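What the coordinates show
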Amino acid sequence: MFTLPQKDSGTPTTSLGSVSQQGLHSNHGDGLEGECSRKPDQKPLKLYGVGDPTAMFSSDSPYLSSRGSVIKWFWDSAEEGYRTYHMDEYDEDKNPSGIINLGTSENKLCFDLLSRRLSQSDMLRVEPSLLQYPDWRGHLFLREEVARFLSFYCRSPTPLKPENVVVLNGCASLFSALATILCEAGEAFLIPAPYYGAITQHVYLYGNVRLVCVYLDSEVTGLETRPFQLTVEKLEMALEGANSEGVKVKGLILINPQNPLGDVYSPGELQEYLEFAKRHELHVMVDEVYMLSVFEESVGYHSVLSLERLPDPQRTHVMWATSKVGSWLALGVLGEDFGMSGLRFGTLYTENQDVATAVSSLCRYHGLSGLVQYQMAQLLRDRDWINQVYLPENHARLKAAHIYVSEELRALGIPFLSRGAGFFIWVDLRKYLPAATFEEEMLLWRRFLDNKVLLSFGQAFECKEPGWFRLVFSDKTHRLRLELPLLLIPNQSDLAVTVLGDDGALNGGCNGDKL
Ligand SMILES: Cc1ncc(COP(=O)(O)O)c(C=O)c1O
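What comes next is a walk through the structure. (Residues numbered from 1 in each chain as written. Predicted model: local features only at pLDDT ≥ 70, side-chain atom pairs only at ≥ 80, totals over all residues.)

Let's shift gears to the overall build of the protein. Summing up its helical and strand segments, the protein has 16 helices and 14 strands in all. Split into buried and exposed, the 515 residues of the protein put 50% on the buried side. Partitioning the contacts of the protein with sequence separation of at least 6, the portion at a separation of at least 24 is 77%. (Helix = DSSP H or I, 4+ residues; strand = E, 2+ residues; numbered from the N terminus. Buried ≥ 20, exposed ≤ 12 C-beta atoms within 10 Å, placed from the backbone. Contact = placed C-beta atoms within 7 Å.)

Another point: the sheet that holds strand β7 (residues 283-287). Ordered in space as β1-β5-β4-β6-β7-β8-β9-β3, the eight strands form an open sheet in which the pairing is mixed. In this open sheet, the two edge strands, each paired with only one partner strand, are β1 (48-50) and β3 (165-168). Geometrically, the sheet is characterised by an average inter-axis angle of 20° between neighbouring strands, direction not taken into account. In this sheet, strand β5 (residues 210-215) lies alongside β1 in antiparallel orientation, the contact comprising three bridges. Looking across to β5, one finds that V50 is bridged to V212. Strand contacts of helix α6 (residues 140-153): β3, β8 (316-321) and β9 (346-350), with the helix running at about 110° to β3, the strand carrying the most contacts. (Pairing = 2+ DSSP bridges. Axes fitted to C-alpha atoms, helices over the stretch in contact; angles between N-to-C directions.)

In this section: unusual backbone geometry. The omega torsion across N256 and P257 is -5°, close enough to zero to call that bond cis. Checked against the element boundaries, P257 lands in the loop between β6 (249-255) and α10 (267-279). We note that N208 has phi near 55°; this positive angle belongs to a residue other than glycine. Tracing the backbone through its elements, the reader meets N208 in the loop between α8 (199-204) and β5. One non-glycine residue, K452, lies in the positive phi region at around 70°. Topologically, K452 is positioned in the loop between α14 (438-450) and β12 (453-454).

This part takes up the nonpolar core. Residues V212 and V214 are the most contacted members of the largest nonpolar core, which totals 131 residues. Each of domain 1 (22-110 + 391-504) and domain 2 (125-389) accounts for three or more of the residues forming this core. What V212 contacts, discounting residues up to four positions off in sequence, is Y48, V50, G51, A188, L190, A238, A242, V247 and V249. (Core = buried A, V, L, I, M, F, W, Y, C linked by C-beta atoms within 7 Å. Domains from an automatic or database assignment.)

What follows is about the sheet that holds strand β14 (residues 468-472). Overall, antiparallel pairing links the four strands, which are arranged β10-β11-β14-β13 in an open sheet. Of all the strands in the sheet, just β10 (416-417) and β13 (456-457) have a single pairing partner and so form its edges. Alignment of β10 against strand β11 (residues 424-428), held across two bridges, turns out to be antiparallel. For F416, the partnering residue across the bridge sits in β11 and is V427.

To continue, consider the packing of α6 against helix α12 (residues 370-381). Direction vectors running N to C along α6 and α12 enclose 30°, while the axes themselves pass 9 Å from each other. Classified by the interaxial angle, the pair formed by α6 and α12 is roughly parallel. Considering the relative orientation of α6 and α12, their crossing is left-handed. Along its contact with α6, which presents F141, L142, E145, V146 and F149, the element α12 presents Q373, M376, A377, L380 and R381. Its residues assigned to classes, the contact of α6 with α12 shows seven nonpolar, one polar and two charged. (Parallel < 35°, antiparallel > 145°, perpendicular 65-115°, else oblique. Left-handed = near helix turned anticlockwise from the far one by under 90°. Nonpolar A, V, L, I, M, F, W, Y, C, P; charged D, E, K, R; others polar.)

Structurally, Y265 is set in the loop between β6 and α10. Owing to 20 C-beta atoms within 10 Å, Y265 belongs among the buried residues under this scheme. Taking the C-alpha atoms as reference points, Y265 and I255, 10 residues apart in sequence, are found 9.2 Å from one another. Apart from the residues within four sequence positions on either side, Y265 is in contact with N256 and L270.

Of all six residues making up β8, six are buried, and the element is well covered by its neighbours. Along β8, one buried face is formed by T316, V318 and W320 and the opposite face, lined by H317, M319 and A321, is buried too. Pairing analysis gives four bridges linking β7 to β8, with the strands arranged parallel. The residue bridging M285 from the neighbouring strand is H317, located in β8. With five bridges connecting them, β8 and β9 associate as antiparallel partners. Bridge assignment links W320 to a residue of β9, and that residue is T347.

So, in structure tokens, the structure goes:
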């Protein structure tokens, strides 16, 4: 079988025992101001975990190589909900009793605007250069447009350069490419958890790279100001732990705004994380796919490219894609990203020419067709349409959906965490688990699916506290209306609500406070 040169898989220890509902009720909720109450420092037993993606692997195929078997197994085991959904997709007219997807992080609010714009005559150009083999980095006209676009929306202190841009078919490919070119097989990247779980596959399937989770928990301790807060101390401990297990860490992955938390790092935090990486000669891959998805006015978003000085520019690599959607009020620009996950467009910005060239070399397998490159350039350059048509409308729709879902959750007494960025809400359903285990979390997830609602459960994000779910709200409200009442099912029917005292950390009496 496809084995890893690894030591102990470092099965993580959950910090569940120290979690307190008190800490949860008192945080910002929805990005609004709030006092965080604290508990005295209580260190969980283990703050990191070295991932072993194939720990449960059990399905060798006589037709596939060992590597092929592992790759197939990932598909079989990880995509169950998604595949079930595709076999029974909800459709107002054709399948009104189908599954409603609140699990996939996509924006379905603006297809009408996008399809109108992409159908206009200036979008179709067929000329020889677009039909021939391209520069694998991407056509120069597109890389120039991307550099201008990112300079403007990232507010870079100096104009970004087209030679530092590589375009390819989405951020998933970019993770895969970066893992392959930066690491030897079996080496690892640090990543704060919970995190967008598909990255485990992205870095492993081709690159055989593992992730070292830096576990964050919901309790606010010490100098922290919010639940699930990333600190340099936690990064240092995880790195030290991985080193002590003989695991070579080559980089740090930061997602900003974070998926699934919606967290946005301040410039000060970003600077600290980057300095940490520089001290240890780690690459930093900053995934900013949600950078234009900050819809709460009070949240100030800062791209890493807006920093005056990058501590280690040769090891800092920024990723952006058009698959996500949002608004950019923080810039004073009513702007939004593009909800086009099916178009498959992603881009890397790096000053390191070795990295840019190596990724470009892999673009032979991950490149974009010339026609799509042309469309993308047309779209990115149409600032009037972006700023005056698409962005304001998309923003209004996104905001309305978010308000609707948060109010529903509040009315249902379900605590949640939403910091005004991304298009998901991190929902605390721990009170619905008869026992605080991942088995119970999975049972609850299945119960939603049986009731035709697809959610994402916390373990898929490597969350160490069973009972958290990610709910995607960026869909038409008539669909949200259909599914939210279903959230009541476990509450009001046969699921026992566990009520423990202070010492047991869970309280059944959620009163609608948000996380
Ligand atoms: C944080 C993050 N990065 C990357 C991706 C994948 O992006 P793409 O569709 O461009 O491959 C996603 C998709 O949800 C995501 O949430």
